[in-house]
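Each chain, written out:
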Amino acid sequence: MTEILRVDQVTKTYGKRGEKQYQALKGINFAVNSGEFVAIMGASGSGKTTLLNILSTLDKPTTGNVFINHEDNSTLNANQLADFRSQQIGFIFQDFNLLENLTNRENIALPLSLRGISPRKIDPLVDKIATRLGIKEILPKYPAEVSGGQKQRVAAARALVHEPAILLADEPTGALDSKSARELLYTMADLNHNDGITTLMVTHDPFAASFASRILFIKDGKIGEQMLKNGQSRQKFYHLLIDHLDTDE
Amino acid sequence: MIWKLSVTGIKNRLKDYLVLFSGLIVASMIFYMFLSIATNPVFISKDVYGREAYLTYIFTFGIILLVIITSVYLIYANSFLLSMRKQDYGMYMMLGAKSTRIGLLIFSETLLTGFLAVLLGIILGLGLTTIVTKALVGKLGVEITHYKAILPSAIIGTLLFFVIIFLLGALSNVHKLTHTPVIDLLHEDQTPINLNHHPVLRGIEAICGVLLLAVGYYVMTLSTRYIYFLIPTALVTIIAGSFFVFNGVFTAIINYLLNKKSFSYRGINEFTLGQLKFRLQSYTKILTMISILFALALGAITVGLNFGSMKDETQKSFYYDATIVSQTPAVKKAEAKLAITNKQTYHYKEKGMHLYFNRAEFEKQPLKEIEIYFHNNQDNLPTYKVKTLVTAELDKPETAANSIFSQMVPNGIPKKIKLVSQQRWNTLNGQKKFVSYINVKDFAHDFPVIKQIQKEQLKENRNYQDIYLSSKSYNYSNMIGFTSAFEFMGFFLGIAFLTMLASTLMFKVLSGAASDKVRYQMLHEIGARPQLLRSSIRKEIGTLFTMPAILGIVDVLCGLKLFKTLLISPYHNIWIPFTIFIVLYLGYYLLTVTLYEKIVLTNK
Ligand SMILES: Nc1ncnc2c1ncn2[C@@H]1O[C@H](COP(=O)(O)OP(=O)(O)OP(=O)(O)O)[C@@H](O)[C@H]1O
Ligand SMILES: [Mg+2]
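Definitions and limits used
Residues numbered from 1 in each chain as written. Chains lettered and ligands numbered in written order. Predicted model: local features only at pLDDT ≥ 70, side-chain atom pairs only at ≥ 80, totals over all residues. Heavy atoms only, no water. Helix = DSSP H or I, 4+ residues; strand = E, 2+ residues; numbered from the N terminus. Buried < 20%, exposed > 50% of the residue type's maximum accessible area, 1.4 Å probe, protein only. Contact = heavy atoms within 4.5 Å. Areas by Shrake-Rupley, 256 points an atom, 1.4 Å probe, with all protein chains shown as cover. Lys, Arg positive; Asp, Glu negative; His and termini not counted. Charge placed at Lys NZ, Arg CZ, Asp CG, Glu CD. Expected span 1.5 Å × (residues − 1). Phe/Tyr/Trp six-rings, centres within 6.5 Å; stacked < 30°, edge-to-face > 60°. Lys NZ or Arg CZ within 6 Å of the ring centre and 35° of its normal. Polar contact = N/O pair within 3.5 Å; in protein donor to acceptor, adjacent residues only side chain to side chain. Buried area = accessible area lost by both parts, 1.4 Å probe. Salt bridge = Lys/Arg side-chain N within 4 Å of Asp/Glu carboxyl O. 1 Å grid on protein atoms, 1.4 Å probe; cavity = no way out; pocket = protein on both sides within 12 Å on 5 of 7 lines; lining within 4 Å. Points joined across faces, edges and corners; volume = space filled by probe spheres on them. Nonpolar A, V, L, I, M, F, W, Y, C, P; charged D, E, K, R; others polar. Pairing = 2+ DSSP bridges. Axes fitted to C-alpha atoms, helices over the stretch in contact; angles between N-to-C directions. Core = buried A, V, L, I, M, F, W, Y, C linked by side-chain atoms within 4.5 Å. Parallel < 35°, antiparallel > 145°, perpendicular 65-115°, else oblique. Left-handed = near helix turned anticlockwise from the far one by under 90°. Near = heavy atom within 4 Å.

Regarding the overall build of chain A
A tally of helices and strands in chain A yields eight helices and ten strands. Based on the C-alpha atoms only, the size of chain A along its principal axes is roughly 50 × 45 × 35 Å. Counting only residues that meet the buried cut, chain A has 54% of its 249 residues in that class. Across chain A, contacts joining residues at least 24 apart in sequence account for 68% of those joining residues at least 6 apart. Roughly 11,000 Å² of accessible area belongs to chain A as shown, and the carbon and sulfur atoms make up 47% of that amount. Of the side-chain charges in chain A, 28 are positive and 29 negative, and the distance between the mean point of each set is 2 Å.

What follows is the structure in structure tokens.
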């Protein structure tokens, strides 16, 4: 098993020196192996988004290091960081983050053209991932013309089309109704299971977390404990998780 | 409480506010300058131009145009102001502020902004006007006696105009905001864009647009006899044509490029095109207006400067630069200051009704003149040829040489010119006189000295009046007076137009910046290099600036045909106004890009 992601003693302090400071992350350590589906759970304000922003290189840790594919993020300059994101990372956000002035097809194609893939090869790749996610029909439409669940699938397609090392998702089901949420989660689990896509998802929803193979709990800026699925069924895992959260409170 | 919120709200957007504010200041500055110069008693008095009625008409026309463009500009500035504050207002309303309170807040904010800007603008305008007037007066070469730097009527006019427009703007802002659901104010960024893709309709529009433009351009080449029919027709067809071209042709080009994957799938070209495509729908009107104003402004400068070139033509149509007939110390002193390259002196004796010249002098130094050839081809200047007057014909009545020469000698018209041999001349008695024709190195440079010589000679020699009226310097100074008004008009109207249309476009682009920011943030997140984002911004805004400029330039090139009867050659030296214009326009483009990048590319 190869290690895809390693987070080493990461802390994050908001606020400038001399001003009022707030330490959102207080020394985070964990690693994710290739092919894993990891969920990070925590209450509101526990530092989930902060952590994800650091993992995705959008933000820098105050101290500590993040390695993706054994490469240390902190050594990269602005251009290298941009290239790094466009090559190694796929994103799904709570609020879809699609460009509403591009069609769904163009949205999905963007990471490929950013990587400088030959224009001839782009459409087949887009079609392939769209078929996989069941959104082939809506490719010519604009994001504003499709449903929230479909939008999130388009976002997922865009996150995966360039075959990133890791898929990062921040509350991907947050803006979806329960049916669309369920569909998206099954798709993500399927992609992880059958296509071996390493996934790291941040959520506060136990139902969403139960799709993961491992759950890390973050509390007050620290990783507390973790739960492993260990081959149990999702339903079983979900109930265990609920029990765990109940006793925790 | 709410006032405190308002102040902090403005503080947060201070930079954008400063841009808006300086734009307004410049607008009111220009407006005041134009108004005060155009209505200044000194400039509309007879001693400067001598064509009072005509000029008042031109200036009135200029002021009307300026009012129109300034109004349009202020409307867009106002909408920019609103777009900056929208979200704050929505927030206050969500927090439970009464809409009447918010209304009052918006109203006073808009009006106060406008009032302060125009006040500052007028104060700065006073300084600018003084400088510009000095330059203008220097160019006209007239002495100004009753010039007024501070013109109360212009101050009141400017103030009134801006306050009225801002009052209307404030009312419309209040109306817009209090009639928009709070939720839309808060989520202005996510308001879905009206998507309509009708390729057939676009195709028809594109064809109509091109046809209408063609008709408009063709009409302007027709005989200027029907000018009252031509101008309205051309205006209507060109405005409609431009509108359809923006809506149809440019959209078609963008769609074509979007579908051409080898282009659109490179870097973020796709995104740039998408931005443009969506913009075009909301920009069609403003781009049309800008292309027309661009044409008017560029046309004004071109025509204005072209009038200036008429005085160069005047220069070329005379062979000799000055005629000297006196030997007073004052004249001699002035003559010494000239950089003379050629001097032809002829002596004559005046006796009864005859002027006797020495033929030998003409044989040694033949008289010359300029012959002008006009061409039917409108694009060419007339050509000038130096011709030697045949000495034998100089004293033969009814010959061209004789008639030209008679006008070159004081008192030569009522009296008869005779050429005699050296011996004969020596024996003749009568008053001995002379006339010298001079060429200088640089006429425009020596013009003030030549004028001085003329003044002296007019004082001393009453007959000199006869040839004075047909002299080069007299015609030249006449022409300066005539052309300067046009030059001034064209130049300042052109610059005023340009600054306002370019900043209108700037405000339009910047008004959308807040909602564009989200998109650039997204692109940043999925790994677009900062450099790539910058280049996309430059391309996108560049296209928005270029499109109306191209149409505007074509408009001008075709529109100049209208002036073919008024100007010797409307297309002469056309690169000068074009260069001035494009450099200024480019400046505005760069400013817009810089400001836009500042808003859009700063991370949250
Ligand atoms: N830019 C910032 N400046 C200062 N403090 C911040 C900033 N961003 C987040 N914080 C603080 O850091 C802590 C962690 O925030 P974070 O957004 O990571 O929480 P979260 O776990 O994602 O919460 P939620 O589930 O509500 O999204 C919070 O207390 C928050 O107030
Ligand atoms: Mg969060």
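Further notes follow.
Observations regarding the overall build of chain B
Assigned secondary structure in chain B consists of 22 helices and seven strands. At a minimum sequence separation of 6, the contacts of chain B that also span at least 24 residues come to 81%. Here chain B has roughly 28,200 Å² of accessible surface; of this, 65% comes from carbon and sulfur atoms.

Some details on helix α9 (residues 199-221) of chain B
Across its 23 residues, α9 of chain B extends 33 Å between first and last C-alpha, which sits within 8% of the 33 Å expected from 1.5 Å per residue. Taken residue by residue, α9 of chain B has Arg 202, Glu 205, Ala 206, Gly 209, Leu 213, Gly 216, Tyr 217, Val 219 and Met 220 of chain B as its buried positions.

Some thoughts on the packing of aromatic side chains
Considering all chains together, one arrives at 27 aromatic pairs over all chains under this definition. For the pair Tyr 319 of chain B and Tyr 320 of chain B, a centre-to-centre distance of 4.7 Å together with 90 degrees between the ring planes defines the contact as edge-to-face. Seen in terms of ring centroids, Phe 447 of chain B and Tyr 476 of chain B are 4.7 Å apart; in terms of plane orientation they differ by 75 degrees. Their pairing is edge-to-face. Pair noted here: Phe 447 of chain B is in helix α17 (residues 443-460) and Tyr 476 of chain B is in helix α19 (residues 472-511), with a separation of 29 residues, a long-range link. Clustering of aromatic rings is evident, with ring pairs tying together Tyr 319, Tyr 320, Tyr 346, Tyr 348, Phe 357, Phe 362, Phe 405 and Tyr 437 of chain B. When the ring centre of Phe 211 of chain A is taken as origin, the NZ or CZ atom of Arg 234 of chain A, which lies over that ring, is 4.7 Å away. Across from the ring centre of Phe 443 of chain B, 4.8 Å away, lies the NZ or CZ of Lys 472 of chain B, which sits over that ring.

Notes on helix α6 (residues 178-195) of chain A
Residues and elements named next belong to chain A. In a regular helix each residue adds 1.5 Å, so 18 residues correspond to 26 Å; α6 covers 25 Å between its end C-alpha atoms and thus fits that length. Residues Ser 180, Ala 181, Leu 184, Leu 185, Thr 187, Met 188, Ala 189, Leu 191 and Asn 192 constitute the buried set of α6. Where the residues of α6 are buried, they touch β3 (37-41), α4 (119-133), α5 (148-160), β7 (166-170), β8 (199-203) and α7 (206-209). The N-cap of α6, judged by a side-chain oxygen 3.0 Å from the amide nitrogen of Lys 179 a few residues on, is Asp 177. Once α6 finishes, Gly 196 follows within two positions and takes phi at roughly 65 degrees, a positive value.

Some words on the interface of chain B and chain A
Taken together, the contact between chain B and chain A spans 29 residues of the former and 29 residues of the latter. Summed over both sides, the interface between chain B and chain A buries roughly 2,700 Å², with carbon and sulfur atoms accounting for 61% of that surface. Of all residues in chain B, Tyr 265, Glu 525 and Ile 526 of chain B bury the most surface against chain A, accounting for 27% of the area lost on that side. At the junction of chain B with chain A, the criterion picks out three salt bridges. The residue Arg 519 of chain B makes a salt bridge to Glu 100 of chain A at a minimum N-O spacing of 3.1 Å. The tally of links between chain B and chain A comes to eight residue pairs in polar contact (both at pLDDT 80 or more). Contributions of two or more residues to the side of chain B that touches chain A are made by α11 (261-264), α12 (269-316), α20 (513-525) and α21 (530-559) of chain B. For the side of chain B that touches chain A, the element with the most residues is α12 of chain B, which contributes six residues.

Digging into empty space enclosed by the protein
All names here are of chain A. One pass over the structure, following the stated rule, counts four cavities of 30 Å³ or more. Each pocket or cavity is described by its volume, and for the largest cavity that value is around 80 Å³. Here the element with the most residues in the lining of the largest cavity is strand β4 (residues 63-68); it accounts for three residues. Residues that form the lining of the largest cavity fall into these classes: four nonpolar, five polar and three charged.

A look at the sheet that holds β8 of chain A
All names here are of chain A. Read across the open sheet, the six strands follow the order β6-β7-β8-β3-β9-β10; overall the sheet is mixed. For this open sheet the edge positions go to β6 (89-92) and β10 (222-228), each flanked by a neighbour on one side alone. Along the sheet, successive strands turn relative to each other by an average axial angle of 20 degrees, direction set aside. Pairing analysis gives four bridges linking β7 to β8, with the strands arranged parallel. Its bridge partner lying in β8, Ala 169 is registered against Met 201. Seen against the sheet, α5 touches β6 and β7 and runs at an angle of roughly 170 degrees to β6.

Observations concerning the pattern of salt bridges
All names here are of chain B. According to the stated counting rule, one finds 20 salt bridges over all chains in the structure shown. Arg 519 is the salt-bridge partner of Asp 516, the closest N and O atoms lying 2.9 Å from each other. With Asp 516 and Arg 519 both in helix α20, this residue pair falls three residues apart, about one helical turn. Here Asp 516 and Arg 519 have matching classes, each one buried.

Some details on the nonpolar core
Note that soluble globular proteins tend to have their nonpolar side chains buried in a common cluster. Residue and element names in this part refer to chain B. The biggest cluster of nonpolar side chains holds 120 residues, and the ones touching the most others in it are Leu 523, Tyr 585 and Tyr 596. For this core, the element with the highest residue contribution is α12, accounting for 19 residues. Excluding residues that lie within four positions of it along the chain, Tyr 596 makes contacts with Gln 275, Arg 279, Val 509, Leu 510, Ala 513, Asp 516, Tyr 520, Ile 537, Glu 540 and Ile 541.

Quick notes on the packing of α20 of chain B against helix α22 (residues 575-601) of chain B
Residue and element names in this part refer to chain B. Remark: α20 packs on α22, axes separated minimally by 8 Å, with the N-to-C direction vectors making an angle of 55 degrees. Here α22 runs oblique to α20, going by the angle between their axes. Between α20 and α22 lies a crossing whose hand is right-handed. Taking contact as the criterion, the partners of Ala 513, Ala 514, Asp 516, Lys 517 and Tyr 520 in α20 are, on α22, Tyr 596, Ile 599, Val 600 and Leu 601. In terms of residue class, the contact of α20 with α22 is built from seven nonpolar, no polar and two charged.

Overview of the site of ligand 1
Residues and elements named next belong to chain A. Near ligand 1, the surroundings consist of Tyr 14, Tyr 22, Ala 24, Ala 43, Ser 44, Gly 45, Ser 46, Gly 47, Lys 48, Thr 49 and Thr 50. Within the contact set of ligand 1, a nitrogen atom lies 3.5 Å away from a side-chain nitrogen or oxygen of Tyr 14. For ligand 1, whose accessible area on its own is 630 Å², the fraction buried by protein is 58%. Listing elements by their share of the shell around ligand 1, those giving two or more residues are β2 (22-33) and α1 (48-55). In terms of residue count, α1 provides more of the shell around ligand 1 than any other element does, three residues in total.

Here's the deal with unusual backbone geometry
Residues and elements named next belong to chain A. Phi at Glu 163 takes a positive value of approximately 50 degrees, unusual for a residue other than glycine. Looking at the secondary structure, you find Glu 163 in the loop between α5 and β7. Taking the relative accessible area as the measure of exposure, Glu 163 reaches 60% and is therefore exposed. The phi dihedral of Glu 171 is positive, around 45 degrees, even though this residue is not glycine. Along the chain, Glu 171 falls in the loop between β7 and α6.

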